Amino acid sequence: MAWVLLIIAGLLEVGWSIGMKYTEGFTRLWPSVFTGAGIVLSMVLLSQAAKTLPIGTAYGVWVGIGAAGAAVFGMLVLGEPATAARIFFVCLLLVAVVGLKATSGH
């Protein structure tokens, strides 16, 4: 169950990190409310997952999902450059996330 919570927390991190772009420096009410709620819920789920998973693994996977997800969203939706190098490094992030899970012992 901890892995499910951690994956949801990571997906919420993708959401709130992208949401920050739409808050315009937290000057727009509803994007700011949704982004803030996403941050809090993501952290709560991360902390629940970290009760049973090693913190280094939990935090690393959480950050990896968030960073890779935000980068992919940026390339696919926001028109950010989708160069071979960027795609390669996003793939490395995903390999690292899988590696952390595989070596966590849980």
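Naming follows an unreviewed UniProt entry, where the protein chain appears as Membrane protein of Streptomyces showdoensis. Under the Subcellular location (unreviewed entry) heading, UniProt states for the protein chain: "Cell membrane". The UniProt entry for the protein chain carries the following text under Sequence similarities (unreviewed entry): "Belongs to the drug/metabolite transporter (DMT) superfamily. Small multidrug resistance (SMR) (TC 2.A.7.1) family."

Asker: Outline a nonpolar patch on the surface, listing residues and values.
Answerer: On the surface, a nonpolar cluster with roughly 470 Å² of combined accessible area is contributed by Leu29, Trp30, Val33 and Phe34. Structurally, Phe34 can be placed in helix α2 (residues 29-49).

Asker: Got a sec to walk through the packing of helix α1 (residues 2-23) against α2? Specific residues and values, please.
Answerer: α2 packs onto α1 with a crossing angle of 155° between their chain directions and a minimal axis gap of 8 Å. By the angle class used here, α1 and α2 are roughly antiparallel. As α1 packs across α2, the resulting crossing turns out to be left-handed. Across the interface between the two elements, Ala2, Leu5, Leu6, Ile8, Ala9, Leu12, Glu13, Trp16, Gly19, Met20, Tyr22 and Thr23 of α1 pack against Pro31, Ser32, Thr35, Gly38, Ile39, Leu41, Ser42, Leu45, Leu46, Gln48 and Ala49 of α2. Across the contact of α1 with α2, the residue classes break down as 15 nonpolar, seven polar and one charged.

Asker: Please set out the confidence of the model for the protein chain residue by residue, giving values where relevant.
Answerer: Low pLDDT means the predicted atomic positions in that stretch should not be read closely. For the protein chain, the mean per-residue pLDDT works out to 96, and 99% of the residues sit at or above 70. In the model of the protein chain, helix α4 (residues 84-102) stands out as the element of lowest mean pLDDT, 95, in contrast to α2, which has the highest, 98.

Asker: Outline the UniProt feature "transmembrane region" (unreviewed entry) in the protein chain, supporting the account with residue identities and numerical values.
Answerer: Within this structure's numbering, the places UniProt gives as "transmembrane region" (unreviewed entry) are residues 29-47, 59-78 and 84-103. Helix makes up 100% of residues 29-47 and strand 0%, and the two end C-alpha atoms of the span are 27 Å apart. Between the end C-alpha atoms of residues 59-78 the distance is 26 Å, and the span holds 90% helix and 0% strand.

Asker: So what's going on with helix α3 (residues 55-76)? Residues and values would help.
Answerer: Compared with an ideal rise of 1.5 Å per residue, which puts 22 residues at 32 Å, α3 spans 31 Å between its outermost C-alpha atoms and is within 8% of the ideal. If you check which residues of α3 are buried, you get Thr57, Ala58, Val61, Trp62, Gly64, Ile65, Gly66, Ala68, Ala71, Gly74 and Met75. Here the buried face of α3 lies against α1, α2 and α4.

Asker: With reference to specific residues and values, describe the environment of Trp16.
Answerer: The residue Trp16 is located in helix α1 in this model. Sequence-wise, Trp16 and Ser42 are 26 residues apart; in three dimensions their C-alpha atoms are separated by 8.6 Å. Those residues in contact with Trp16 that lie beyond four places of it in its chain are Thr35, Gly38, Ile39, Ser42 and Trp62.

Thresholds, definitions, all that
Residues numbered from 1 in each chain as written. Predicted model: local features only at pLDDT ≥ 70, side-chain atom pairs only at ≥ 80, totals over all residues. Heavy atoms only, no water. UniProt positions renumbered as here; feature names shortened; annotations may be inferred. Patch = residues over 30% accessible without salt bridge, like charges linked within 9 Å, V, L, I, M, F, W, Y side chains within 5 Å. Areas by Shrake-Rupley, 256 points an atom, 1.4 Å probe, with all protein chains shown as cover. Salt bridge = Lys/Arg side-chain N within 4 Å of Asp/Glu carboxyl O. Helix = DSSP H or I, 4+ residues; strand = E, 2+ residues; numbered from the N terminus. Axes fitted to C-alpha atoms, helices over the stretch in contact; angles between N-to-C directions. Parallel < 35°, antiparallel > 145°, perpendicular 65-115°, else oblique. Left-handed = near helix turned anticlockwise from the far one by under 90°. Contact = heavy atoms within 4.5 Å. Nonpolar A, V, L, I, M, F, W, Y, C, P; charged D, E, K, R; others polar. pLDDT = per-residue confidence, 0-100. Expected span 1.5 Å × (residues − 1). Buried < 20%, exposed > 50% of the residue type's maximum accessible area, 1.4 Å probe, protein only.

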